[in-house]
Every structure is written in structure tokens, then in C-alpha cells.
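Here's the letter readout for the chains.
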Amino acid sequence: MKPPGETTGEGSALNARWRALDRLHRRIEGSVDRRLHADLGLSLREFQALTVLQEGAATAAGWLYLHDLAAGIGLSQSATSRLVTRLQGRGLLTTATAAHDRRSVDVHLTPVAREALRRGIPLAEEAVRHTVRILAAEGADRRLLSYLQDPHDLADTGSPCGP
């Protein structure tokens, strides 16, 4: 048994791949955030909240619980509550106490939010494509970039990183 902190060659390779993925993620996330902020005045986190709400509303009765939204965007409930308050103040969301459980909050998209999503989804996708092209030119991990460009590429190669 190895002492704590000592890694195998495989562990080091795994950590190196994870760090490469994290670097790609941060670069893409920053690019999308800047584009959304410049064109729509929304942060990436705000846009993600609207996206999760839109997807959740499509599967529910037009609303989503606050705790579901928090799970969908990866924030704590208190951070999500602050985010919802900001979006509500900007006219992008409405909230209501859940009819069947007065402790729960239903969150709804407004028409303004739906328009922001209609405009923002292609902007975000273009920002991702543009950043992936830049990263490829810089020599970033080809397999990770390939997955972003076409998720079937990795699945066809038998890579354990498939979709």
C-alpha cells in the first residue's frame, strides 16, 4: 500500500487530464460570459439559470422549484435565491409560493427572459465554437476539443471519455 499523497503514474496522468479539462472549461466559460455580458447584459450564471428554468419548465407545468434550479446550476440555495432576486428585479423571472407546499417557491420565466434566451443561445454557441477554434490553434488537448466539436468522435474511438 502506498503512503498517503503518493501517486501512481496513472493517478498523475488522470490529474493532468483533469487539469487540462479544467483549463479548457475556464477558457470557454470566460469567453461565453464576456459575450453574454457584452450583448445581453447577463452573466453566464444568470444565463444558465434562465436556461435551466426553460428546460425545467418544458418538462413541468411551466415552473421549477428553487431547489431544483439550485441543483441545475450548481449553486447553493442561498446563492440561487440571491440570483433569482437579481433576475426578478430585472424583469426576467417571477416567483410564487407553491400551491401544494407553502415552503417551496415556484420560479417562472417572463417574456423578457424568453427573448434573452432566444437571442443568447446562438451567441453562447458561437462563443464556444470560436473559443474551441482558438484553443485548437494553441494546441490544447485534441481529444477534449474533438468531443466539444462532435460528441460522437470519442464514442466511436472507444474512449472512456465518451458521452
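**Student:** Tell me about the overall build of the chain, residues and numbers included.
**Tutor:** Counting its regular elements, the chain contains seven helices and three strands. For the chain, the succession of helices and strands along the chain, N to C, is α-α-β-α-α-β-β-α-α-α. Classification of the 163 residues of the chain by burial places 33% in the buried group. Accessible area for the chain stands at about 10200 Å²; split by element, carbon and sulfur atoms hold 54% of it.

**Student:** Quick one: what's the story with the packing of helix H3 (residues 66-73) against helix H4 (residues 77-89), residue by residue and with numbers?
**Tutor:** As a packed pair, H3 and H4 sit with axes 9 Å apart at the nearest point and diverge in direction by 105 degrees. The pairing of H3 with H4 is recorded here as roughly perpendicular in orientation. Between H3 and H4, the contacting residues are Leu 66, His 67, Leu 69, Ala 70 and Ile 73 on the first element and Gln 77, Thr 80, Ser 81, Leu 83 and Val 84 on the second. Residue classes in the contact of H3 with H4 are distributed as six nonpolar, four polar and no charged.

**Student:** Pulling in residues and values, what's your account of helix H5 (residues 111-137)?
**Tutor:** With 27 residues, H5 should reach 39 Å at 1.5 Å per residue; the first-to-last C-alpha distance of 40 Å fits that figure. Along its length, H5 shows its largest kink, about 30 degrees, at Gly 120, and proline Pro 122 lies within four residues downstream of that point. Looking at H5, one finds that the buried residues are Ala 113, Ala 116, Leu 117, Gly 120, Leu 123, Ala 124, Ala 127, Thr 131, Val 132 and Leu 135. A positive phi of about 90 degrees marks Gly 139, the residue just after H5.

**Student:** How would you summarise the layout of surface pockets if you had to cite specific residues and measurements?
**Tutor:** Here the largest pocket is characterised by a volume of approximately 650 Å³. The wall of the largest pocket is formed by 23 residues, among which His 25, Ile 28, Val 32, Val 128 and Leu 148 lie closest to the centre. In the lining of the largest pocket, the residues fall into 15 nonpolar, four polar and four charged.

**Student:** Summarise the environment of Gly 72; cite the residues concerned and give the values.
**Tutor:** Position of Gly 72 among the secondary structure elements: in helix H3. Separated by 23 residues in the primary sequence, Gly 72 and Ala 49 have C-alpha atoms spaced 7.8 Å apart.

**Student:** Give a detailed account of the packing of H5 against helix H6 (residues 142-149), specifying residues and quantitative values.
**Tutor:** Contact pair H5 / H6: the axes reach a minimum separation of 10 Å and the direction vectors enclose 160 degrees. Classified by the angle their axes make, H5 and H6 are roughly antiparallel. Where H5 crosses over H6, the two elements pack in a sense that is left-handed. Contacts between H5 and H6 involve Val 132, Leu 135 and Ala 136 from the former and Leu 145, Leu 148 and Gln 149 from the latter. When grouped by side-chain class, the residues that make up the contact of H5 with H6 number five nonpolar, one polar and no charged.

**Student:** Which residues make up the sheet that holds strand E1 (residues 64-65), and what are the values?
**Tutor:** As summarised here, the arrangement of the three strands in space is E1-E3-E2, forming an open sheet in which the pairing is antiparallel. Of all the strands in the sheet, just E1 and strand E2 (93-97) have a single pairing partner and so form its edges. As defined by bridge partners, E1 adjoins strand E3 (residues 105-109) across two bridges and the pair is classed as antiparallel. Residue Tyr 65 lies in a different strand from E3, and its bridge partner there is Asp 106.

**Student:** Run through the nonpolar core, naming residues and quoting values.
**Tutor:** Judged by nonpolar contacts, the single largest core of 34 residues is most densely connected at Leu 42, Leu 50, Leu 69, Leu 87 and Leu 93. Sorting the residues of this core by element identifies helix H1 (9-40), helix H2 (44-59), H3, H4, E3, H5 and H6 as the ones contributing at least two each. Apart from residues lying up to four places away in sequence, Leu 69 is in contact with Ala 49, Val 52, Leu 53, Leu 64, Thr 80 and Val 84.

**Student:** Just give me the short version of H3, but keep the residues and values in it.
**Tutor:** Because an α-helix packs 3.6 residues into every turn, residues spaced three or four apart end up facing the same way. Those residues of H3 lying buried are Leu 66, Leu 69, Ala 70 and Ile 73. Seen end-on, H3 carries its buried residues on one side only, within an arc spanning 100 degrees. Gly 74 occupies a position one or two residues after H3 and carries a positive phi of about 75 degrees.

The rules we used
- Residues numbered from 1 in each chain as written.
- Predicted model: local features only at pLDDT ≥ 70, side-chain atom pairs only at ≥ 80, totals over all residues.
- Heavy atoms only, no water.
- Helix = DSSP H or I, 4+ residues; strand = E, 2+ residues; numbered from the N terminus.
- Buried < 20%, exposed > 50% of the residue type's maximum accessible area, 1.4 Å probe, protein only.
- Areas by Shrake-Rupley, 256 points an atom, 1.4 Å probe, with all protein chains shown as cover.
- Axes fitted to C-alpha atoms, helices over the stretch in contact; angles between N-to-C directions.
- Parallel < 35°, antiparallel > 145°, perpendicular 65-115°, else oblique.
- Contact = heavy atoms within 4.5 Å.
- Nonpolar A, V, L, I, M, F, W, Y, C, P; charged D, E, K, R; others polar.
- Expected span 1.5 Å × (residues − 1).
- Bend = angle between axes of the 7 residues up to and from the residue.
- 1 Å grid on protein atoms, 1.4 Å probe; cavity = no way out; pocket = protein on both sides within 12 Å on 5 of 7 lines; lining within 4 Å.
- Points joined across faces, edges and corners; volume = space filled by probe spheres on them.
- Left-handed = near helix turned anticlockwise from the far one by under 90°.
- Pairing = 2+ DSSP bridges.
- Core = buried A, V, L, I, M, F, W, Y, C linked by side-chain atoms within 4.5 Å.
- Arc of directions from axis to C-beta.

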